[in-house]
Amino acid sequence: MEGDSTTINITETPKERKGKAPLLAAPPASSSIKPVVLKAPKGGYKRGLAIIDVVLRIAGIAAALGAAIAMASTEQTLPFFTQFFQFKAEFDDLPVFTFFVIANAITAAYLALSIPISIVCIVRPLLVAPRTILLFLDTVMVALTTSAAGGAASIVYLAHNGNSDANWPAICQQFNDFCQETSGAVVASFLTVVVLMVLVVLSAFSL
């Protein structure tokens with residue numbers, strides 16, 4: 001009959017569905033992507049500072065010990081004397097020089113005993129406690145050594161130049177060797193002060 005239509009339903013089989021793949025694949029879930037972050041080794045620069053710290057402590061030991069020995073061995077006897085007097089100069093004639101020897105010997109002993117703590121900072125550069133201890137003790141040693149070197153320097157200056165206002169004559173024209181040895185000891189002590197100040201700065205940067 002005219003006007004009648006027939007509808008035919010065609011069902012796709014699973015095999016036919018497999019052949020129809022999407023042109024663009026769906027992006028993977030963002031949660032499945034894990035970025036890889038390369039971490040730099042920790043404490044690299046702190047370990048380098050700790051190595052420099054050990055080297056400076058060894059140099060400080062040499063300077064402080066040299067200053068103490070040079071001052072402690074300083075003496076000079078003039079070749080002429082009278083029946084009652086012998087002209088002789090020794091470091092222990094002045095309490096300032098005695099304090100100088102003791103202070104520099106203490107500083108040298110401290111620097112030697114502090115080397116194991118500094119080595120711990122090389123092995124474990126991220127530890128804060130050893131650095132804090134060294135910072136505090138180095139600051140104390142700076143004060144001790146500076147006071148000893150400053151006091152001795154004032155006496156050496158008077159020995160070289162005297163003081164006309166106080167009627168103190170310069171004695172270095174007679175005791176030339178004595179003055180040279182004490183001057184060298186004072187210079188070595190001030191070098192120790194410089195080393196200790198650098199150690200304080202390194203310990204502060206390492207915290």
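Per an unreviewed UniProt entry, the chain carries the name CASP-like protein and comes from Deinandra increscens subsp. villosa. As recorded by UniProt, the Sequence similarities (unreviewed entry) comment attached to the chain reads in full: "Belongs to the Casparian strip membrane proteins (CASP) family." The heading Subunit (unreviewed entry) in the UniProt record of the chain holds the text "Homodimer and heterodimers."

Q: Provide a residue-level description of the pattern of salt bridges, including the pertinent values.
A: Counted according to the given criterion, the structure contains 3 salt bridges. Two residues, Arg57 and Asp53, come together in a salt bridge whose shortest N-O distance is 2.5 Å. One end of the pair is Arg57 and the other is Asp53, both in helix α2 (residues 44–72) and 4 residues apart, which spans about a single turn. Under the relative-accessibility criterion, Asp53 is labelled buried at 0%. A salt bridge links Asp138 to Arg57; its shortest N-O distance comes to 2.8 Å. Placement of Asp138 in helix α4 (residues 129–161) and of Arg57 in helix α2 is noted, with a sequence separation of 81 residues between them.

Q: Quick one: what's the story with the UniProt feature "transmembrane region" (unreviewed entry) in the chain, residue by residue and with numbers?
A: The positions UniProt marks with the feature "transmembrane region" (unreviewed entry) are residues 54–74, 94–123, 135–159 and 185–205. The span residues 94–123 carries 97% helix and 0% strand; its end-to-end C-alpha distance comes to 45 Å. Within the segment residues 185–205, helix and strand shares are 100% and 0% respectively, and the terminal C-alpha atoms sit 31 Å apart.

Rules behind the numbers
Residues numbered from 1 in each chain as written. Predicted model: local features only at pLDDT ≥ 70, side-chain atom pairs only at ≥ 80, totals over all residues. Heavy atoms only, no water. UniProt positions renumbered as here; feature names shortened; annotations may be inferred. Salt bridge = Lys/Arg side-chain N within 4 Å of Asp/Glu carboxyl O. Helix = DSSP H or I, 4+ residues; strand = E, 2+ residues; numbered from the N terminus. Buried < 20%, exposed > 50% of the residue type's maximum accessible area, 1.4 Å probe, protein only.

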